[in-house]
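# Summary of structural features
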Amino acid sequence: MTPQQHIIELTDRLNRYNYQYYQNSISEVDDYTFDQLLQELTKLEKQYPEYVRPDSPTARVGGTVSKEFASVYHRFPMLSLGNTYSEEDLIEFDNRVRKGLRDEPFEYICELKFDGVALSMTYENGLLVQGATRGDGVRGDDITNNIRTIRTIPLRVHDTSVPPLFEVRGEGFLPLAEFERINKERDDIGEPLLANPRNAASGTFKQQNSAAVAQRRLDCYLYSFLSEETIFQTHEDSLIAMKNWGFNVSPTWRKCADIREVMLYINEWDTKRFDLPLGTDGIVVKVNRYDQQRELGFTAKSPRWAIAFKYKAQAASTTLNGIQYQVGRTGAVTPVAMLTPVLLAGTVVKRASLHNANEIERLGVMMHDTVFVEKGGEIIPKITGVDLTKRTDASQPIRYPTECPACGTPLVRREKEAHFYCPNEKGCPPQRQARFEHFIQRRAMNIESLGEGKIELLIDRRLVLTPADLYDLTADQLLGIEKIFMDEAGKKRIVSFREKTVENILTAIERSKAQPFSNVLFALGIRYVGNTTAERVTDYFGSMDALMHAPFETLANVPDVGPRIAQSLADWFADADNRVYIERLQAAGLQLVTDRKEVVREGDALTDKTFLYTGTFVNFSREELEAKIAAHGGRLLSGISKKLNYLIIGENAGPSKIAKAEKLNVPMIGEDEFVAMMGE
Ligand SMILES: NC(=O)c1ccc[n+]([C@@H]2O[C@H](COP(=O)([O-])OP(=O)(O)OC[C@H]3O[C@@H](n4cnc5c(N)ncnc54)[C@H](O)[C@@H]3O)[C@@H](O)[C@H]2O)c1
Ligand SMILES: [Zn+2]
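Residues numbered from 1 in each chain as written. Chains lettered and ligands numbered in written order. Predicted model: local features only at pLDDT ≥ 70, side-chain atom pairs only at ≥ 80, totals over all residues. Heavy atoms only, no water.

Moving on, we come to the domain arrangement of the chain. As far as domains go, the chain holds domain 1 (3-51), domain 2 (71-310), domain 3 (314-413), domain 4 (429-512), domain 5 (517-588) and domain 6 (610-678). Relative placement of domain 2 and domain 3: their C-alpha centres are 35 Å apart. With 14 residues of domain 2 in contact, the opposing surface of domain 3 contributes nine residues. Of the roughly 850 Å² buried at the junction of domain 2 and domain 3 (both faces included), carbon and sulfur atoms supply 56%. Taken as a group, E180, D188 and F274 account for 47% of the area that domain 2 buries against domain 3, more than any other trio of residues on that side. Taken together, the links from domain 2 to domain 3 amount to one salt bridge. The partner of R329 in a salt bridge is D188, with the nearest N and O atoms 3.0 Å apart. Our enumeration of links across domain 2 and domain 3 arrives at one residue pair in polar contact (both at pLDDT 80 or more). (Domains from an automatic or database assignment. Contact = heavy atoms within 4.5 Å. Buried area = accessible area lost by both parts, 1.4 Å probe. Salt bridge = Lys/Arg side-chain N within 4 Å of Asp/Glu carboxyl O. Polar contact = N/O pair within 3.5 Å; in protein donor to acceptor, adjacent residues only side chain to side chain.)

What follows is the structure in structure tokens.
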């Protein structure tokens, strides 16, 4: 390849990675590889400036704006950061700064480099008026409504000392625990898992539906303050002030007197960062004084007064001793690597995720190979490669099972899905057990006193076959059952049903009969039917009877449902065993209707019309307004979508609702118009 061809190839490749990363929230390669390639291109361009392409990724911020959102211009450009993985580069940076400041004394502020999405928030007279992404650095996407869903970003700053117009910047992120929770829920209802917290956060901020954004509890750490007039002398002062004004500033920053102290900070956070509630990929070093920052200035792409030091992903090598194939509630088979224990980022790792059969093939990994494990933004480490130099004759090809490891049923693979499934939904033991665990969880029937091995024992003793059997259990059957479990480490654990335990369990089972209909529907464990979907569906149909007999077209028309979930519901109710199951739950006294108040019809002027309201009203309380809509045949929706016919505007109406309605061209009416519409 000639240098020119090489430059062309690298430019195209990096531009494609950038597009996938910023536009589609997908990483085709890991960050380290990306950064190495970018460095290679930078070097080549320096050597052969005549071949530099105008669209070179070395000269611009990698993102773009998207068509789905309005674009906004940034008052101050939102740039990138120069980055490095080596201490030598850091010392070079320090030398450049010293030279730039002509040996004048200076200090650094070190911060963690939070791994999420750069956000900019503009405040006018103390009010949050705009939230935007970085985009191409000059223009970003206006995602104000999505940013408003972040609880830690104040909608109003009460302190009167803030300037009339200012901007704060920070990193929007998905906390690790939230990422794990979402993935657990997705796994539970058979949705594909989100790849990593950064890409998940970036994908979430790009969603059109703010209500869906609000359900993922995004957060944001602020790290920068900007305004026309200078009100702070140093970055340190601005961090302290932002904190005092109620912004979420991570307490992890530190002032460092020189580059040696910066190195200490880097070493200290190398492993400590894994204890933080979010993913981080390095640290950011900034010159503290603003006048010195101004003196140093910017390149086209990044400030000269700051640099990011990135940690290489923490990796270790160890041997792959076996693979456990776990069968989940929906029958999906997940391979988990069993490793020779190895120390990684401060914890001992014995297992690593292998995701699915495609991943095993992609890695080309064989049994007894020496493999690399890495800890990235996720809690469970993953296998990222094979050390081929250590491969011996002992390595054996991995034969992915063709039959369910638990029940022997031949596995199937559904179209376009990465997982193999055990189709023996009713008879497969781990599927059955997981179905019970799903049924008893708090968000479902809330019989959690049956957790921790107790369900296993009841299934073992054949006291229960389906969750409906729980409602026939008696104290006599339960008293005195006992089993000793051995855990992996060979530790004994005794599960026994003593008097008090039995009493608790039976009380919880009895109480579960009062759980609302939507919890019951969720508890059934129908594929793709999570909590929210269950609420939408039960709200819409009002009773199990109506739901069970609804044709596919009606199901698909329920707000937020769509054909995929509708098909899953239709298939489930078409199964005769499932209908018997429902009959038994009904006989046991579970709630199979919504406890909506009886609607007394007063008219039908609003028939087939959908409504949503915002604010408060003169003639009605919220409940009264809702009752009026129903009494005249109208329907209340839970969010603004194209399916909404009218948004009723009251006093102190929510600006984000109004903005959204404007955007979707949903007609807005006042209280008087609403009354007139009812014909009262
Ligand atoms: N894997 C891929 O395919 C792929 C593709 C494109 C980019 N990337 C990654 O993204 C990087 C480029 O992204 P970039 O231009 O946003 O640079 P960057 O992420 O390396 O640095 C700039 C960003 O750091 C963030 N940041 C976090 N904590 C901060 C703090 N305390 N102070 C200031 N900023 C902080 C801000 O969002 C800022 O925009 C690449 O170096 C690469 O690692 C990866
Ligand atoms: Zn099976």
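Picking up where we left off.
In the vicinity of ligand 1 lie 26 residues, with V29, D35, S80, E171 and K310 positioned nearest. Residue V29 places a main-chain N or O atom 2.6 Å away from a nitrogen atom belonging to ligand 1. A distance of 2.9 Å is found between a nitrogen atom of ligand 1 and a side-chain nitrogen or oxygen belonging to K286. Bound to the protein, ligand 1 loses 93% of the 820 Å² it would expose on its own. The set of elements that each furnish at least two residues to the shell around ligand 1 consists of α1 (3-23), α2 (31-47), β3 (108-114) and β10 (280-287). Looking at the shell around ligand 1 residue by residue, the class counts come to twelve nonpolar, four polar and ten charged. Residues from two domains meet in the shell around ligand 1; each of domain 1 (3-51) and domain 2 (71-310) gives at least three. (Near = heavy atom within 4 Å. Areas by Shrake-Rupley, 256 points an atom, 1.4 Å probe, with all protein chains shown as cover. Helix = DSSP H or I, 4+ residues; strand = E, 2+ residues; numbered from the N terminus. Nonpolar A, V, L, I, M, F, W, Y, C, P; charged D, E, K, R; others polar.)

Turning next to the sheet that holds strand β4 (residues 117-124). If you trace the four strands from one edge of the open sheet to the other, you get β5-β4-β7-β8, paired in antiparallel fashion. The open sheet is flanked by β5 (127-133) and β8 (219-226), the only strands paired with a single partner. Across the sheet, the mean angle separating the axes of adjacent strands is 30° when strand polarity is ignored. Here β4 pairs with β5 via six bridges, running antiparallel. (Pairing = 2+ DSSP bridges. Axes fitted to C-alpha atoms, helices over the stretch in contact; angles between N-to-C directions.)

On the UniProt side, "active site" (unreviewed entry) is annotated at positions that read K113 here. Overall, the relative accessible area of 18% leaves K113 in the buried class. Those residues in contact with K113, other than ones at most four positions away along the chain, are L81, T280, D281, G282, I283, V284, A308 and K310. (UniProt positions renumbered as here; feature names shortened; annotations may be inferred. Buried < 20%, exposed > 50% of the residue type's maximum accessible area, 1.4 Å probe, protein only.)

It is worth spelling out the environment of N183 at this point. The topology assignment puts N183 in helix α5 (residues 176-188). The sequence separation of N183 and N196 amounts to 13 residues, and the corresponding C-alpha distance is 9.8 Å. Once residues within four sequence positions are removed from consideration, N183 is found in contact with L193 and L194.

Another aspect to go through is the pattern of salt bridges. Under the defined criterion, the tally for this structure stands at 32 salt bridges. A salt bridge links K272 to E268, with the nearest nitrogen and oxygen atoms 2.7 Å apart. Highlighted residues: K272 and E268, both in helix α9 (residues 259-272), separated by four residues, approximately one helical turn. Overall, the relative accessible area of 33% leaves K272 in the partly exposed class. A salt bridge links R584 to D472; its shortest N-O distance comes to 3.0 Å. One end of the pair, R584, is in helix α21 (residues 576-588); the other, D472, is in the loop between α13 (454-460) and α14 (475-478), with 112 residues separating them in the sequence. Overall, the relative accessible area of 31% leaves R584 in the partly exposed class.

A separate point is the environment of V117. Relative to the helices and strands, V117 resides in strand β4. Taking C-alpha positions, V117 is 8.3 Å from R134, a pair spaced 17 residues apart along the chain. Those residues in contact with V117 that lie beyond four places of it in its chain are G170, E171, G172, A201, S202 and F205.

Under the defined criterion, the tally for this structure stands at 28 aromatic pairs. Relative to Y221, the ring of F173 lies with its centre 5.1 Å away and its plane at 40°, an arrangement referred to as tilted. A residue pair is termed long-range when its members are at least 10 positions apart, and F173 in strand β7 (residues 165-173) and Y221 in strand β8 qualify at 48 residues. The burial state of F173 is the same as that of Y221; both residues are buried. Counting every residue linked through ring pairs, the aromatic cluster contains Y123, F166, F225, F232, W245 and F247. The ring of Y21 carries the charged tip of R198 above its face, separated from the ring centre by 3.8 Å. A cation over a ring is seen here: R564 above Y528, with NZ or CZ 3.8 Å from the ring centre. (Phe/Tyr/Trp six-rings, centres within 6.5 Å; stacked < 30°, edge-to-face > 60°. Lys NZ or Arg CZ within 6 Å of the ring centre and 35° of its normal.)

What follows deals with the coordination of the zinc ion (ligand 2). Listed as protein donors to the zinc ion (ligand 2) are C404 (SG), C407 (SG), C422 (SG) and C428 (SG); their distances from the metal cover 2.2 to 2.4 Å. Viewed at the metal, the four donor atoms of the zinc ion (ligand 2) are separated by angles of 101 to 115°, and the geometry they form is tetrahedral. The motif formed by the donor residues of the zinc ion (ligand 2), counted along the single chain, is C-x2-C-x14-C-x5-C. Taken together, the positions of C407 in the loop between β16 (382-386) and β17 (412-413) and C428 in the loop between β18 (420-421) and α12 (429-440) put the pair 21 residues apart, joining distant regions of the chain. A relative accessible area of 0% places C428 in the buried class. (Donors = N, O, S within 2.8 Å, 3.2 Å for Na, K, Ca; no water. Tetrahedral: all angles 85-135°; square planar, octahedral: opposite > 155°, others 65-115°.)

Here the focus is the nonpolar core. Grouped together as the largest cluster of nonpolar side chains are 55 residues, with contacts concentrated most on F439, I447, L470 and Y471. At the level of secondary structure, the elements contributing two or more residues to this core comprise α12, α13, α15 (499-512), α16 (517-523), α17 (531-541), α18 (544-548), α20 (562-574) and α21. Both domains that meet at this core, namely domain 4 (429-512) and domain 5 (517-588), each give it at least three residues. Setting aside its immediate chain neighbours within four residues, F439 contacts A444, M445, N446, I447, P467, L470, Y471, A523, Y581 and L585. (Core = buried A, V, L, I, M, F, W, Y, C linked by side-chain atoms within 4.5 Å.)

This paragraph deals with the side chain of S496. If you trace the backbone, S496 turns up in strand β20 (residues 492-496). Setting aside chain neighbours within four positions, we find S496 in contact with I481, E482 and T501.

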